[in-house]
Amino acid sequence: MYLTPQHILLAGATGLTGEHLLDRLLNEPTISRVLAPSRRPLAEHPHLENPVGDPAVFLPQLSGRVDIAYCCLGTTIKQAGSEKAFRAVDLDMVVAFAKRAREMGARHLIVISALGADRRSSIFYNRVKGEMEYALRAQNWPQLTICRPSLLLGDRLEPRLAEQLAGPLSRLIPGKYRGIEACQLARAMWRLALEEQDGVRIVESDELRKLGK
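Definitions and limits used
- Residues numbered from 1 in each chain as written.
- Predicted model: local features only at pLDDT ≥ 70, side-chain atom pairs only at ≥ 80, totals over all residues.
- Heavy atoms only, no water.
- Helix = DSSP H or I, 4+ residues; strand = E, 2+ residues; numbered from the N terminus.
- Buried < 20%, exposed > 50% of the residue type's maximum accessible area, 1.4 Å probe, protein only.
- Polar contact = N/O pair within 3.5 Å; in protein donor to acceptor, adjacent residues only side chain to side chain.
- Contact = heavy atoms within 4.5 Å.
- Pairing = 2+ DSSP bridges.
- Axes fitted to C-alpha atoms, helices over the stretch in contact; angles between N-to-C directions.
- Salt bridge = Lys/Arg side-chain N within 4 Å of Asp/Glu carboxyl O.

Identification of the protein as Nucleoside-diphosphate sugar epimerase from Pseudomonas frederiksbergensis is taken from an unreviewed UniProt entry.

Draft legend 1. Inspection of the side chain of His108 at higher detail. With respect to the element layout, His108 can be found in strand E5 (residues 108-112). In this structure His108 comes out as buried when scored by relative accessible area, which is 2%. Within the structure, His108 has its side chain in polar contact with the side chain of Thr145 (distance 2.7 Å). What His108 contacts, discounting residues up to four positions off in sequence, is Asp67, Ile68, Ala69, Trp141, Gln143, Leu144, Thr145, Leu192, Ala193 and Glu195.

Draft legend 2. Molecular detail of the side chain of Arg33. Assignment of secondary structure puts Arg33 in strand E2 (residues 33-35). For Arg33, a relative accessible area of 13% gives the class buried. Within the structure, Arg33 has its side chain in polar contact with the backbone oxygen of Ser63 (distance 2.7 Å). Discounting residues that sit within four places of it in the chain, Arg33 has contacts with Gln6, His7, Ile8, His47, Glu49, Ser63, Gly64, Arg65 and Val66.

Draft legend 3. Spatial organisation of the sheet that holds E2. The sheet built from seven strands is open, its strands ordered E3-E2-E1-E4-E5-E6-E9 with parallel pairing. Strands with a single pairing partner mark the edges of an open sheet, and in this sheet they are strand E3 (48-49) and strand E9 (199-204). As defined by bridge partners, strand E1 (residues 7-11) adjoins strand E4 (residues 68-71) across four bridges and the pair is classed as parallel. Bridge pairing in E4 links Ile8 to Ile68. Most of the contacts of helix H1 (residues 16-26) go to E1, to which it runs at about 165°, and overall it touches E1, E2, E3, E4 and E5. Contacting E5, strand E6 (143-148) and E9, helix H5 (residues 124-137) crosses the sheet at an angle of about 175° to E5.

Draft legend 4. Fine view of the pattern of salt bridges. Following the criterion strictly, the structure yields 13 salt bridges and no others. Residues Asp90 and Lys129 are paired through a salt bridge, measuring 2.7 Å at the closest nitrogen-oxygen approach. Residue Asp90 is found in helix H4 (residues 83-103), and its partner Lys129 is found in helix H5; the two are separated by 39 residues along the sequence. The class of Lys129 is buried, set by a relative accessible area of 3%. Residues participating in the shared-partner salt-bridge network are Lys99, Arg100 and Glu103.

Here it is in structure tokens:
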């Protein structure tokens, strides 16, 4: 079954994938409202509401009904400055955002996780992503879609050296390990929002690439 969501809550609209997703959402004629809180202002649009500031402050103040919530939040340990600061964004902030989205009426959460996410992993990054997924499952969403992209490809405002070095090689790797363009991921996330099914769905990178064509 397919739905036509009209009211969207989006976190991470200033990021690589979030920017592509926001552009797509604002150009969908069926969408009447996109609520996209961010730390820095976004370009104005008649259907966009953009509270700006510290998420810890404005998150409880968000209001209005939403149909679907997208979470594109994510950083790196280098950008965050420490493992503790990384967890604060990729785990704590994601979980807090999801909780608020549910309180606002969203029945479907679509979130970006990562290839290899596993709360029992010996790799810190994968372990945090796995803990995030586990915490979201515990919120008992009617519909939870977890996207696990491999290396994200695209032009960032603040380039990441590891992605720049690994990007060309990742395009040659087969299956779910091949890199995925951020614009492809954004298209896939929109298409996933149109599908209605109960429970948790995990979408690996190779399927995301197909959905994003």
